[in-house]
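# A closer look at the structure
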Amino acid sequence: ELLRAGSIAFEYRVDAERRWDGIYFVVDAQNAMQLESYQFQYKSFVWPLTAGFHTLQWIYHKDVAYEMGEDKAFIRTIQILGTDFNSEKCTACPKGYYSNPGSAECVPCAVNTYSDAPASATCKPCNAPGAPQTKYALPGATACLPSKPCTKDDIVTAYTDCGTKGKKRTRRQSYSEPKICSSGVAPEQDSSVECAPCEAGMYRQGSECLYCPAGTYNPVPTHDGSSVCQKCPQGSVAKKVRFFDASFGQIMFQKYLDRGEMSTGCAGGFCGSSGWRAMGDKLDTGVGNGQVADVWLSLKVSMETWGEVSFNYSTRVTNSEDNLQMYVDDERVWGVETQQMYAYEYRYDEMYDADTPHNQGQDPEVLEYILELAPGDHLLTWVFHKEREYSWMSDSVDVTKPKEDRAVIEAIKLTGVAVGGSTGCTTCPKGYVTDESSSMCTACPPGKFSLFPGMSVCTLCMAGQYAPVWASDSCRKCGHGTFSGIGAATCDVSSEHCQYKVDDSTVYDLHKLAKVNEPMYGPIDDTNHSVKYFLNLCGQTHTNTSCLGRDGEPILGLACQQSTQVDSISGQSFAVGLGDTMAFYELPGDKHKGLMVSIQGGGRCSNNQERTLNITMHCDMSAGAGYPELPASGIVEAHKCAYEMVWNTQYACPMCTARDMRTITGECEVSLTSSSAGQRAVETIWVEPRKCTGGEGLPALKYEACEAVKLDKAKIALIAAVATLAFALLLSGLVCMYLRNRKIYREYSVLKEQNEAELELDRIGGFSLDEEGEN
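Looking only at helices and strands, one finds five helices and 53 strands in the chain. The burial tally for the chain puts 40% of its 775 residues in the buried class. Within the chain, contacts between residues separated by at least 24 positions form 61% of all contacts whose residues are at least 6 apart in sequence. On the chain, roughly 43,000 Å² of surface is accessible, and the fraction owed to carbon and sulfur atoms is 54%.

Below is the structure:
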């Protein structure tokens, strides 16, 4: 019961069969913490609680199949806030612990002391004061154990910093802590020795070793100054390297711990040590840890570029369940454990042979593991996992009994770090460039490429080509019917612009068929060949969850063929890419009835030919968007690596132009009361059956005056010709009439003059023509 709102907090760890067994936490019959199967360090969990009664349950779930690890969950502390109650009684400290009066917690006995009874106020020493050490005890011990003779492995050698002149340093030896041995090999006296040379990639400046500047390198250890650092030529980089071998001395190891670059500890069982310890030339997991423990070492690294971590290690074990594990950013690197399993297979076989002494833990083979690291910050963690042997068969083993199985790391090397020195030059690969002062290769951006290794400048793609990704080592040709400018990352095809221009009056627009943030078209099943197809047009804007390769990663492209059969190796079906570049072609015959879309640049077949998918798109205004289908023959792959489909869609019709319209002229309005009196309607409609989409729309209805006659150029030319001919004929008639009349006029004038002369004679003679006739 909580008297006020509060919370429940507890620390737990678990080691069980992954995903199937483990611990979960329930509050009032509701899951508060999901199933956890493995947590090698104690982890805190906090859950808020309201005032009132609550039922809290910690449940360990186990199935009937397999067992793994310790097959247990552990809860170290439980704290409930909101009760307002103090403890009603004191709790006795267990064996191996003690407490002072008024203590809130029990304290483990120190090294070489023990407590063999509960509720102890003090711990007893293993050896009498001033007496030789014949027994030892580790922290939290309930009894002392006989000390073994000291060996060279119990001696730690450390060196002081070099003097200001970088000549001499002091060599000191001491027993490794905690000291559990007696007599035998003893530490040597302090001595003055030569300073060790600075590591490769460094140079000496007084008492310090400094890294060579960026873009320079030093291939060998040296005592000399900065003159040993050499410049890398153009096209290559001085990739930075960092060695941690020198960090295995006690002084340097402690500096890394103090700076927070390294951390170490022990968890998950009985820990006799506080973590990994520096042994001068190596790190090991210490001694005195129980049969169940996780001794961990973490290293923070910052990678400037793609690089790798390599480390040399060995394990000295008598239990095949004990091994060294590695984690990168909490992701387990299973390859380290697999490497041990195969390398030490002979040793594990002998461990199960009852007639073979278990002495294989001495001087085992030193292994090297190399792991690629991406740019950025990472946390590398090594865990020496100690597990009780046959823990699922017997509960009689005392897990607190020390077992001297241990892991040793002899060297750690990081390549590509942000802080370090270079030991040599690395030629930049194709698709990358650099300059003399660089310590990392720079990828050519989209639209550019570098064709050869060791280039110092990226080259722009030519017009009609493109480079779609970073680090391209060549440019690709745009598909037929598409184009690009200089330095293009894409051709002129996208989900917003996806047109094919056949000529000035015939243009296709497919952008409305593009899937944007949606799954691809498909599956289009070819049941005869146990495959199915997925595709998209006008860009890779779809959600790429359909086309997955053998590695489970999406295939970048516009189309893929997926097998419906399960791969025998991965246990999953997989796909192959059919292309990522679009091209357009005319269909044979009428160029207005559709087009062919070709998806090119797919994965290569066994004959080394690139896969392509040709989609015959038919203009069908009644189909709407339509959907890609198998050909009528049902055969998709008619030729090796060449796939065919059909698609009936309205978007395979050309864009509309004036060619697809016709005009209807209405009757003249003669009503005096109508606003359109003396006008007639002119309406534009589609030519039926309509075979176009998008493009120009129908113009609005308009009116024109009834007397207005619209003549086209042909009519005007005809009228002009007729008028000209009529005028010429009229003019010719007038000329003829003029000429004819002029002759008549002349004849008339002559007759007139003659007549006038005769009349004058008659007047003079006193007779007329009539009179003459009568005579």
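Here we come to helix α2 (residues 334-343). All buried positions along α2 are accounted for by V336, E337, Q340 and A343. For α2, the angular spread of buried residues about the axis comes to 135°, placing them on one side.

Before going further, it helps to spend a moment on the confidence of the model for the chain. Of all residues in the chain, 87% have pLDDT values of 70 or greater, and the mean over the chain is 84. Under a pLDDT of 50 for its full length, residues 708-712 has, in the predicted model, five contacts with residues more than four places off or in other chains.

Oppositely charged side chains can form a pair if their charged atoms are brought close together. What the rule picks out here adds up to 26 salt bridges. Across the salt bridge formed by K62 and D21, the nearest N and O atoms sit 3.2 Å from each other. Linking K62 in the loop between β5 (56-61) and β6 (72-81) with D21 in the loop between β1 (6-15) and β2 (22-27), this pair joins segments that are 41 residues apart in sequence. K62 sits in the partly exposed class, given a relative accessible area of 32%.

Looking now at the pairing of strand β30 (residues 367-373). What you see with β30 is a clean split: L367, Y369, L371 and L373 sit on the buried side and E368, I370 and E372 on the side with no burial. The pairing of strand β27 (residues 293-316) with β30 spans seven bridges and is antiparallel. Residue pairing across strands places F311 opposite Y369, the latter belonging to β30.

The next point concerns the environment of S505. Assignment of secondary structure puts S505 in the loop between β40 (499-503) and β41 (506-509). Using a relative accessible area of 35% as the deciding quantity, one classes S505 as partly exposed. Spatially, the C-alpha atoms of S505 and M655 are 8.6 Å apart, while their sequence positions differ by 150 residues. Contacts of S505, omitting those with residues within four sequence positions, involve T657 and R659.

Tracing the chain through its elements places T684 in strand β51 (residues 679-686). Judged by its relative accessible area of 17%, T684 falls in the buried class. Residues contacting T684, with those up to four places away along its chain left out, are M661, R662, T663, L698 and P699.

Below, the discussion takes up the sheet that holds strand β3 (residues 30-36). Strand order in the open sheet formed by three strands is β3-β2-β5, and the pairing between neighbours is antiparallel. Two strands in the sheet have a free side with no partner beyond their single neighbour: β3 and β5. Going from strand to strand, the sheet's axes swing by 15° on average, the running direction of each strand aside. Summarising the sheet, β2 and β3 pair through four bridges and their orientation is antiparallel. Paired with V27 across the two strands is Q30, which belongs to β3.

Before going further, it helps to spend a moment on a nonpolar patch on the surface. Together, F727, L731, V735, Y738 and L739 make up a nonpolar patch on the protein surface, roughly 520 Å² of accessible area in all. Mapped onto the fold, F727 is located in helix α4 (residues 713-765).

Turning next to the state of the cysteines. Under the criterion given, the structure shown has 17 disulfides. The disulfide partner of C232 is C425, and the S-S distance across this bridge is 2.0 Å. Since a negative S-S torsion denotes a left-handed disulfide, the C232-C425 link at about -95° is left-handed. Remark: C425 occurs in the loop between β32 (406-417) and β33 (426-427) and C232 occurs in the loop between β21 (230-231) and β22 (236-237); sequence separation between them is 193 residues. A relative accessible area of 2% means that C232 is categorised as buried. By relative accessible area, C425 is classed as partly exposed at 33%. Linked covalently through their sulfurs, C461 and C475 form a disulfide whose S-S length is 1.9 Å. For the disulfide bridge between C461 and C475, the dihedral angle about the S-S bond is near -80°, and by the sign convention the bridge is left-handed. Placement of C461 in the loop between β37 (459-460) and β38 (465-466) and of C475 in the loop between β38 and β39 (476-477) is noted, with a sequence separation of 14 residues between them. Across this residue pair, the class does not change: C461 and C475 are buried.

Take the sheet that holds strand β15 (residues 168-175) next. The three strands are arranged β14-β15-β17 in an open sheet whose pairing can be described as antiparallel. A single partner strand is all that each edge strand has here, and the edge strands are β14 (155-159) and β17 (191-194). The average angle at which neighbouring strand axes cross in this sheet is 35°, direction not considered.

All right, on to the nonpolar core then. Soluble, globular proteins show a tendency: their nonpolar side chains are buried together. In terms of nonpolar packing, the biggest core is built from 36 residues, with W276, F311, M326, L380, W382, I412 and L414 touching the most fellow members. Of all the secondary-structure elements, those providing two or more residues to this core are α1 (250-259), β27, β28 (323-328), α2, β30, β31 (376-386) and β32. Looking at this core, the element that brings in the most residues is β27, giving eight residues. Discounting chain neighbours no more than four positions away, the residues touching I412 are R242, F243, F244, D245, F248, L299, V309, S310, F311 and W382. If you look at the next biggest cluster of nonpolar residues, it comprises 32 residues, including Y521, M582, I599 and M617.

Within a pair of aromatic rings, the relevant descriptors are the distance that separates the centres and the angle that separates the planes. Inspection of every chain in the model, using the stated rule, returns 15 aromatic pairs. Between the aromatic rings of F45 and W47, the centroid separation amounts to 6.3 Å while the plane-to-plane angle is 10°, which identifies the pairing as stacked. Since its relative accessible area comes to 31%, W47 is described here as partly exposed. Taken together, the aromatic side chains of F10, Y12, F25, F45, W47 and W58 make up a single cluster linked through ring pairs. Lying over the aromatic face of Y521, K515 brings its terminal NZ or CZ to 4.6 Å of the ring centre.

Parameters and conventions
Residues numbered from 1 in each chain as written. Predicted model: local features only at pLDDT ≥ 70, side-chain atom pairs only at ≥ 80, totals over all residues. Heavy atoms only, no water. Helix = DSSP H or I, 4+ residues; strand = E, 2+ residues; numbered from the N terminus. Buried < 20%, exposed > 50% of the residue type's maximum accessible area, 1.4 Å probe, protein only. Contact = heavy atoms within 4.5 Å. Areas by Shrake-Rupley, 256 points an atom, 1.4 Å probe, with all protein chains shown as cover. Arc of directions from axis to C-beta. pLDDT = per-residue confidence, 0-100. Salt bridge = Lys/Arg side-chain N within 4 Å of Asp/Glu carboxyl O. Pairing = 2+ DSSP bridges. Axes fitted to C-alpha atoms, helices over the stretch in contact; angles between N-to-C directions. Patch = residues over 30% accessible without salt bridge, like charges linked within 9 Å, V, L, I, M, F, W, Y side chains within 5 Å. Disulfide = S-S within 2.5 Å. Core = buried A, V, L, I, M, F, W, Y, C linked by side-chain atoms within 4.5 Å. Phe/Tyr/Trp six-rings, centres within 6.5 Å; stacked < 30°, edge-to-face > 60°. Lys NZ or Arg CZ within 6 Å of the ring centre and 35° of its normal.

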